Amino acid sequence: MGTPEPELVAVAEAFALPGPVTTIAPLGNGNVNDTYLLEVHSGGATARRYVLQRLNTRVFPQPELVMQNMEALSEHAEQHPLIGQRWEVPRLIANRHTGRPWLWAEGQFWRLQSFIEEAMTVEAITDREQARQVGRGLGLFHLLISDLPPEQLADTLPGFHVTPTYLAAYDQALLCSPIGHDDREQWCAAFVEKRRELAPVLEDANKAGLLQLRPIHGDPKINNVMLCAHTGTAVSMVDLDTVKPGLVHYDIGDCLRSACNPAGEEACEPDSVKFDLDLCETLLEGYLDAARTSLSDTDLDYIYVSAKLISFELGLRFLSDHLAGNVYFRTTHSNHNLDRALVQFRLTESIEAQEEQIQQIVAKLR
Ligand code: GN1
Ligand code: MG
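Values in this document were obtained by computation on a predicted structure and should not be read as measured data. (Residues numbered from 1 in each chain as written. Chains lettered and ligands numbered in written order. Predicted model: local features only at pLDDT ≥ 70, side-chain atom pairs only at ≥ 80, totals over all residues. Heavy atoms only, no water.)

What is the right way to look at the coordination of the magnesium ion (ligand 2) in this model?
Reference geometry at the metal: tetrahedral coordination by four donors gives ideal angles of 109.5 degrees; octahedral coordination by six donors gives 90 or 180 degrees. Coordination sphere of the magnesium ion (ligand 2), protein contribution only: Asp219 (OD) and Asp239 (OD), at 1.9 to 2.1 Å. With a gap of 20 residues between them, Asp219 in the loop between strand S7 (214-216) and strand S8 (225-228) and Asp239 in the loop between strand S9 (234-237) and strand S10 (244-246) connect regions that are remote in the sequence. With relative accessibility at 24%, the residue Asp239 sits in the partly exposed group. (Donors = N, O, S within 2.8 Å, 3.2 Å for Na, K, Ca; no water. Helix = DSSP H or I, 4+ residues; strand = E, 2+ residues; numbered from the N terminus. Buried < 20%, exposed > 50% of the residue type's maximum accessible area, 1.4 Å probe, protein only.)

What's the story with the side chain of Thr35 in this structure? I'm lost.
With respect to the secondary-structure elements, Thr35 resides in strand S2 (residues 34-40). According to the relative accessible area criterion, Thr35 is buried, its value standing at 16%. Sequence-distant contacts of Thr35, defined by excluding residues within four places in its chain, comprise Ala25, Pro26, Leu27, Val51, Leu52 and Gln53. (Contact = heavy atoms within 4.5 Å.)

I keep staring at the sheet that holds strand S6 (residues 119-120) and nothing clicks. Help me out?
Hydrogen bonds along the backbone pair up the strands of a sheet, which may run parallel or antiparallel. Read from one edge to the other, the open sheet built from three strands follows the order S6-S8-S9, with strand pairing classed as antiparallel. Looking at which strands have only one partner, the edges of the open sheet turn out to be S6 and S9. Where S8 and S9 come together, three bridges link them in antiparallel fashion. Residue pairing across strands places Met226 opposite Ser236, the latter belonging to S9. Sitting on the sheet, helix H3 (residues 128-145) touches S8 and S9, and the angle it makes with S9 is about 50°. (Pairing = 2+ DSSP bridges. Axes fitted to C-alpha atoms, helices over the stretch in contact; angles between N-to-C directions.)

Looking at this structure, I do not really get H3. What am I missing?
One turn of an α-helix holds 3.6 residues; hence residues three or four places apart share an orientation. Taking 1.5 Å of rise per residue, 18 residues should cover 26 Å, and H3 covers 26 Å from first to last C-alpha, within 8% of that figure. You can read the cap of H3 off the contacts: a side-chain oxygen lies 2.9 Å from the backbone nitrogen of Glu129, and it is on Asp127. (Expected span 1.5 Å × (residues − 1). Polar contact = N/O pair within 3.5 Å; in protein donor to acceptor, adjacent residues only side chain to side chain.)

Help me understand the domain arrangement of the chain, please; the structure alone is not making it clear to me.
It is common to report an interface's size as the accessible area lost on association of the parts. Looking at the chain, the domain boundaries give domain 1 (6-115) and domain 2 (128-365). Inter-centroid distance (C-alpha atoms) of domain 1 to domain 2 is 26 Å. Contact with domain 1, which involves 28 residues of that partner, is made by 33 residues of domain 2. Summed over both partners, the interface of domain 1 with domain 2 comes to about 2,800 Å²; 57% of that surface belongs to carbon and sulfur atoms. Of all residues in domain 1, Asn31, Asn69 and Trp87 give up the largest surface area on contact with domain 2, accounting jointly for 27% of the area buried on that side. Between domain 1 and domain 2 we count two salt bridges in total. When the shortest N-O distance is used, the salt bridge between Asp241 and Arg111 registers 2.7 Å. (Domains from an automatic or database assignment. Buried area = accessible area lost by both parts, 1.4 Å probe. Salt bridge = Lys/Arg side-chain N within 4 Å of Asp/Glu carboxyl O.)

I'm lost on the pairing of strand S5 (residues 108-114) in this one. Help?
Here is the key point about a regular strand: its side chains alternate between the two faces of the sheet. Of all seven residues in S5, six are buried; the element is thus mostly enclosed. Pairing analysis gives six bridges linking strand S3 (residues 48-55) to S5, with the strands arranged antiparallel. Directly across from Leu52, in S5, lies its bridge partner Leu112. Note that strand S4 (residues 103-105) and S5 share three bridges and pair antiparallel. Looking across to S5, one finds that Trp104 is bridged to Phe109.

What follows is the structure in structure tokens.
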């Protein structure tokens, strides 16, 4: 590995590190923030590792609020540990000048967190046991935050996972950039038109008092669950930017749509996208083993529709961003967001086609 970029080193060394930075390398493949893994020489035989992130302030215009939520979560986790199992919450490292866990430098917002050691993430599930652990990880996380008082959590991203707001944003995008002659755009637009009534299903259930707001993770996709490198058990959930009050169904749905699509979000061939029932069953077993006590029977009634809804919602978000000129999600090639929208809509179709089987799985786990 070459010499780490001096600008990044200067940013990292503004935080209270135990020694000099030796390496910095890009980490993961987030669509919003920039993430780096850094190694620090602390005098011992092994280097200490940290995660440095530049927050996307176009997405999170008030990044201090994001950090405030993360501090509230860390304090809460310290006071309510998950006794008897390995579970870690990334530690926030203080800015050595201000004492706060962030740095503003040249208009950019940075934070540094401890790296969860001896753990790994997967981009696609390779066996059912992993699905169980991904579900169990989300269940444990929900258990951990279930008694975190919602008033301690700011709304860092208003409208995030309120599906009707994405439909409104899509309509807005259409006004500025109408669908043209592109077959794939036309297919997506027709797909959305047929499902307008799906968008408010969870919000309506909340308004009717059937579902309640509580703290959620907001982005529990498969690679945000860390698995122990030795035993494969879930040991942490990372990417805590979107922890805020919401409907747990958006989390359960998001975890299912991400983990039960073995072709992945970036599948090149939309025909390869399929919602896998075995993975769904095992993931829900793992989730409910950990979190069943925090769910009502009505909550369970909404599991099927939440998987379908969040796949539709993410497809809608990708499609809107495609129409708006790719201003939100990072893209690497032209039509990238259109490709991603197609994958999520194909996944939505696959979930719809298997409604009966998914409902049977939920019924069996009640
Ligand atoms: C974004 O940046 P990343 O990859 O953690 C997005 C999620 C989407 C996800 C899809 C704040 O998450 O909502 O589900 O992409 N995060 C935000 O890959 O919009
Ligand atoms: Mg995220």
